[in-house]
Amino acid sequence: METVVSGIRPTGNLHLGNYFGAVRNFLKMQADYNCYFFIADWHSLTTHPKPGDLHNNVRQVLAEYLACGIDPEKATIFIQSDVKEIAEFYLLMNMNAYLGELYRTTSFKDKARQQPENVNAGLLTYPVLMATDIIIHKANKVPVGKDQEQNLEMARKFARRFNNMYGDIFPEPKPFTFDGADLIKVPGLDGSGKMGKSEGNGVFLVDEDKVIRKKVMRAVTDSGPTEENQEKAEAVQNLFTLMKIVSQPDVLAHYETVYNNCSIRYGDMKKQLAEDIIGFVAPVRERILDIYNNEAYLHQVASMGAEKARESASKTLKEVQSLIGFRSF
Ligand code: TRP
């Protein structure tokens, strides 16, 4: 069975875009692959050196993924910092990562521009740590979005370099690419572009019903169609796209019809859309709260994940140590 590795930085709450873009695919993958899903708390320090509360951020993300249906019996779910083998292997990987290639990385240049007061070494070697996360489990596939493609390319380069220097032990980690029904881009509520963490245009899985209603009622539209079957402005199309994701097909069909004959009232459509979003989010939110407050369960999941991840990681680390030439006396 092929192995999949994916990391999530604990720097914000999950929104609908995350759910329908990534998490839903994780749910499918956990059935068909040997999956390692982990919370990249070390990585988060490169941009959030003094997080308000690192532990609670990790706890929140863990609760959210579990509430969405990531199953600790099917996938290995762990916290990066619980697996110290990653840190040792990362140190070794750093010896064969060159400053030139790290400085040239787009994400490093972007981050250096965004936080000029904190251009730390961890930021520079971010791709090395990410490559380590991946190859320590000998991953074959890594589901990543566009923004992570270059980091994955570097992981392949580092894996190849290791293989050439010390012996062929790592498969090339390939991008897990989705298409068709598996590639849902969820638009934001601000009229253009996709739903994002920092754009302020999202509905979070922990949002209360009234927050969701408020956000949806404020969504950008236009002044309404004036001709039959008029093409939709992006903002309006976005509401229809959201409706297609969360509403029943006949509800969507109804609003298509009234849009096309120019009798649509966006207020009615938004009310409906808000209720349908709530229908999806509310049960997930309740599960998140339950799990978040269940410390015993979280402890059990995290220790079981750490144990499974460490088993796989230490096996690789031993091979690596011996290939490089470390021997104990
Ligand atoms: N860099 C990834 C992101 O920001 C998170 C990450 C860390 C990751 N290690 C990984 C993703 C390993 C995939 C595989 O989204």
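### Looking at the pattern of salt bridges
Point 1. Within the structure shown, the criterion is met by 14 salt bridges.
Point 2. A salt bridge links Glu149 to Lys146, with the nearest nitrogen and oxygen atoms 3.4 Å apart.
Point 3. Taking the relative accessible area as the measure of exposure, Lys146 reaches 69% and is therefore exposed.
Point 4. The salt bridge partner of Arg213 is Glu275, with a shortest N-O separation of 2.7 Å. With Arg213 in helix H10 (residues 209–217) and Glu275 in helix H13 (residues 266–292), this pair connects stretches of sequence that are 62 residues apart.
Point 5. Given the relative accessible area of 35%, Arg213 is considered partly exposed.
Point 6. Through salt bridges with shared partners, one network takes in Glu101, Lys157 and Arg161.

### Quick look at unusual backbone geometry
Point 1. At Lys138, a position not held by glycine, the phi torsion is positive, near 50°.
Point 2. Relative to the helices and strands, Lys138 is located in the loop between helix H8 (126–135) and strand E4 (141–142).
Point 3. Look at Lys138 and you get partly exposed, because its relative accessible area is 25%.
Point 4. Phi angles above zero are rare outside glycine, and Cys262 is one such case at about 65°.
Point 5. Within the secondary structure, Cys262 sits in the loop between helix H12 (249–260) and H13.
Point 6. Given a relative accessible area of 28%, Cys262 falls into the partly exposed group.

### So, the pairing of strand E3 (residues 76–79)
Point 1. Residues of E3 alternate between two faces, with Thr76 and Phe78 on one and Ile77 and Ile79 on the opposite face, all of them buried.
Point 2. Here strand E2 (residues 34–39) runs beside E3; their pairing, made up of four bridges, is parallel. Along E3, the bridge assignment pairs Phe38 with Phe78.

### Brief notes about the nonpolar core
Point 1. Counting 61 residues, the largest nonpolar core has Leu16 and Ile277 as its most contacted members.
Point 2. Shared between two domains, this core takes at least three residues from each, and those domains are domain 1 (3–183 + 294–324) and domain 2 (209–289).
Point 3. If sequence neighbours within four positions are ignored, Ile277 has contacts with Leu16, Val203, Ile212, Val216 and Val246.
Point 4. Grouped together as the second largest cluster of nonpolar side chains are 39 residues, Phe78, Ala112, Ile135 and Ile169 included.

The rules we used
- Residues numbered from 1 in each chain as written.
- Predicted model: local features only at pLDDT ≥ 70, side-chain atom pairs only at ≥ 80, totals over all residues.
- Heavy atoms only, no water.
- Salt bridge = Lys/Arg side-chain N within 4 Å of Asp/Glu carboxyl O.
- Buried < 20%, exposed > 50% of the residue type's maximum accessible area, 1.4 Å probe, protein only.
- Helix = DSSP H or I, 4+ residues; strand = E, 2+ residues; numbered from the N terminus.
- Pairing = 2+ DSSP bridges.
- Core = buried A, V, L, I, M, F, W, Y, C linked by side-chain atoms within 4.5 Å.
- Domains from an automatic or database assignment.
- Contact = heavy atoms within 4.5 Å.

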